[in-house]
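What follows is the residue order along each chain.
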Amino acid sequence: MSDSMYVPVMLKCNGRLCLLVGGGAVAERKAAALLDAGASVHIVSPQLKSGQLRRLADEGAVRWTSRAYEPGDLQGAFLVYAATDDDALNKTIALEADRLGIWVNVASDGEAGSFISPAVMRRGRLTLAVATSGAGPAAAVRIRQQLEEQFGRDYEEYLDILYSMRSAIKAQVESAETRKRLLDRLYRLDILGDIRRGGYESWNTEKIKLWIENNQEE
Ligand SMILES: C[C@@]1(CC(=O)O)c2cc3[nH]c(cc4nc(cc5[nH]c(cc(n2)[C@H]1CCC(=O)O)[C@@](C)(CC(=O)O)[C@@H]5CCC(=O)O)C(CC(=O)O)=C4CCC(=O)O)c(CCC(=O)O)c3CC(=O)O
Ligand SMILES: NC(=O)C1=CN([C@@H]2O[C@H](COP(=O)(O)OP(=O)(O)OC[C@H]3O[C@@H](n4cnc5c(N)ncnc54)[C@H](O)[C@@H]3O)[C@@H](O)[C@H]2O)C=CC1
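This one's a predicted model, so the numbers in the text were calculated from it and none came from an experiment. (Residues numbered from 1 in each chain as written. Chains lettered and ligands numbered in written order. Predicted model: local features only at pLDDT ≥ 70, side-chain atom pairs only at ≥ 80, totals over all residues. Heavy atoms only, no water.)

1. Points about the site of ligand 1
Our working definition: Only heavy atoms are used to decide nearness, and a residue is near a molecule or strand if one of them lies within 4 Å of it. Polar contacts, as counted here, are pairs of nitrogen or oxygen atoms within 3.5 Å of one another; within protein the pair requires one atom able to donate a hydrogen and one able to accept it, and residues that are adjacent in sequence qualify only if both atoms are side-chain atoms. Residue-level accessible areas treat just the shown protein chains as cover; the underlying method is Shrake-Rupley with a 1.4 Å probe.
In the vicinity of ligand 1, 21 residues are found, and the nearest of them are Lys30, Asn105, Ser117, Thr132 and Gly134. Gly110 is positioned such that a nitrogen or oxygen atom in its backbone is 2.8 Å from an oxygen atom of ligand 1. The backbone of Thr132 places a nitrogen or oxygen atom 2.8 Å from an oxygen atom of ligand 1. Surface burial for ligand 1 is 60%, taken as the share of its 1,100 Å² of free accessible area covered by protein chains.

2. With respect to the site of ligand 2
The following threshold applies: To qualify as a helix, a DSSP run of H or I must reach at least 4 residues; to qualify as a strand, a run of E must reach at least 2; elements of each kind are numbered from the N terminus.
Among the 20 residues in the neighbourhood of ligand 2, the closest are listed as Gly23, Val26, Arg29, Lys49 and Tyr69. Contacts to ligand 2 include Gly23, whose backbone N or O atom sits 3.0 Å from an oxygen atom. One of the backbone N or O atoms of Val26 is found 2.9 Å from an oxygen atom in ligand 2. In isolation ligand 2 exposes 870 Å². Once the protein is present, 72% of that is buried. For the shell around ligand 2, the element with the most residues is helix α1 (residues 25–36), which contributes three residues.

3. Some points on the packing of helix α5 (residues 154–172) against helix α6 (residues 176–188)
When two helices pack together, their arrangement is given by the angle between the helix axes and by the axis-to-axis distance. Condition: The axes are straight lines fitted to the C-alpha atoms, using for helices just the contacting stretch, and the angles between their N-to-C directions are given from 0 to 180°. Here the angle decides the label: under 35 degrees means roughly parallel, over 145 means roughly antiparallel, 65 to 115 means roughly perpendicular, and every other value means oblique. Each crossing is labelled by how the near helix is turned from the far one, with a counterclockwise turn of less than a right angle marking it left-handed and a clockwise turn marking it right-handed. In this analysis, two residues are considered to be in contact whenever any of their non-hydrogen atoms come within 4.5 Å of each other. Amino acid classes used here: Ala, Val, Leu, Ile, Met, Phe, Trp, Tyr, Cys and Pro are nonpolar; Asp, Glu, Lys and Arg are charged; the rest, including Gly, are polar.
Remark: α5 packs on α6, axes separated minimally by 10 Å, with the N-to-C direction vectors making an angle of 165 degrees. Here α5 is positioned roughly antiparallel relative to α6, judged by the angle of their axes. Handedness of the crossing formed by α5 with α6: right-handed. Of the residues in α6, those touching α5 at Leu162, Met165, Arg166, Ile169 and Lys170 are Arg179, Leu182, Leu183, Leu186 and Tyr187. A class-by-class count of the residues in the contact of α5 with α6 yields seven nonpolar, no polar and three charged.

4. Let's talk about helix α3 (residues 87–100)
Our working rule: To estimate the expected span of a helix, count its residues, drop one, and scale the result by 1.5 Å. Note on exposure labels: buried denotes an accessible area under 20% of the residue type's maximum, exposed denotes more than 50%, and partly exposed covers the range between, all computed with a 1.4 Å probe on protein chains only. The directions from the helix axis to the C-beta atoms form the arc being described.
The first and last C-alpha atoms of α3 sit 20 Å apart over 14 residues, in line with the 20 Å expected at 1.5 Å per residue. For α3, the set of buried residues is Asn90, Ile93, Ala94, Glu96 and Ala97. Each buried residue of α3 sits inside an arc of 165 degrees when the element is viewed along its axis, so together they form one side. For α3, the exposed residues set more than 90 degrees away from the buried face come down to Ala88, Leu95 and Arg99. Buried residues in α3 make contact with β1 (17–21), β4 (79–82) and β5 (103–106). The opening residue of α3, the one whose side-chain oxygen lies 3.2 Å from the backbone nitrogen of Ala88, is Asp86. Count one or two residues on from α3 and you reach Gly101, which has phi positive near 70 degrees.

5. Points about the sheet that holds β5
For the record, the criterion: Pairing between strands is defined by DSSP: at least two bridges between the two strands are required.
The strand order across the open sheet formed by five strands is β3-β2-β1-β4-β5, and the pairing between neighbours is parallel. Because the sheet does not close on itself, it has two edges, and the strands there are β3 (63–65) and β5. For this sheet, the mean angle separating the axes of adjacent strands, direction not counted, is 20 degrees. With four bridges joining them, β4 and β5 adopt parallel strand pairing. Considered in β5, the bridge of Leu79 is made with Trp103. Seen against the sheet, α3 touches β1, β4 and β5 and runs at an angle of roughly 165 degrees to β5.

6. Let's talk about the packing of aromatic side chains
Applicable threshold: The criterion for an aromatic pair is that two Phe, Tyr or Trp rings (for Trp, the six-membered ring) have centres within 6.5 Å, with stacked assigned to planes under 30 degrees apart, edge-to-face to planes over 60 apart and tilted to the rest. Charge-over-ring placement is defined geometrically: NZ (Lys) or CZ (Arg) within 6 Å of the ring centre, and within 35 degrees of the ring normal.
If you walk through the whole model with that rule in mind, you get four aromatic pairs. Between Tyr155 and Tyr158 the ring centres are 6.4 Å apart and the planes differ by 75 degrees, which places this aromatic pair in the edge-to-face class. Placement of the pair is Tyr155 and Tyr158 together in helix α5, with a separation of three residues, close to one helical turn. Overall, the relative accessible area of 16% leaves Tyr155 in the buried class. Seen from their ring centres, Trp203 and Trp211 are 6.2 Å apart, and the 55 degrees between their planes marks the pair as tilted. Here a set of aromatic residues connected by ring pairs shows up, and it is made of Phe151, Tyr155 and Tyr158. Lying over the aromatic face of Tyr163, Arg125 brings its terminal NZ or CZ to 3.6 Å of the ring centre.

Printed below as a string of structure tokens:
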């Protein structure tokens, strides 16, 4: 067991209340990630130093409570980010969150929180997240940039196709054994290669259904 060993998870934050304490550059970055995922973002901060956060508050995309943090502000939150420039306050928020069983991220001292944010790249349904367990976030950014070169836009289409086909297999095939056989065959199709060669013709529902019917035998 190790203090620097984190369990990676993918959290569904859509429609859930996430609290950001602080309104600077770090809060701006965390807010963007939360909004992308459809979270309901509440910011408590006397000032919004970030222009982007001020715009989001003006548009009503985030809720902003314009005052210093008060104990109890995190009631009802799914996640909390302590992102003020007051290190002691950030740690106090982390203790309060721990007591209430709410996951907390501490921007000024990663180890004081219960989760850290990785550097993330997305290609549609594909998410690659890189974390250095607090060793050096800038190194995580560099690795993410290398991955961005390696994993192109083609993965977005590939995973959309995979999603449609796998969903159809799950919906149409009752036998677990047959499902497994179909899925094995599905993963072996060179869909990604076809997309890259420009030779992929999109499959409509009827074609997917036919493929499922024709590939059930051993
Ligand atoms: C522990 C963690 C907690 C957390 O915030 O989740 C944390 C903590 C701290 N960051 C600090 C500094 C910097 N952080 C960045 C950038 C990012 N930091 C992110 C994550 C994390 N930062 C978590 C660990 C992740 C991991 O282990 O890999 C990223 C990946 C994701 C995100 O924030 O969403 C995002 C890049 C997003 C992207 O571009 O993809 C940069 C670079 C920049 O700003 O360009 C610098 C300056 C360079 C440097 O110091 O390396 C300091 C010192 C503050 C001080 O000196 O006062 C602390 C405090 C401490 O060390 O604990
Ligand atoms: N995790 C990360 O990726 C990084 C973390 N940091 C750390 O995160 C901290 C915040 O960084 P920035 O956003 O750049 O700082 P910043 O100075 O731009 O913003 C701090 C914000 O906290 C607010 N604040 C201050 N006291 C408050 C209170 N009592 N209640 C609520 N809000 C309060 C301020 O009004 C301001 O909006 C830094 O002090 C540093 O320790 C810095 C860089 C990267």
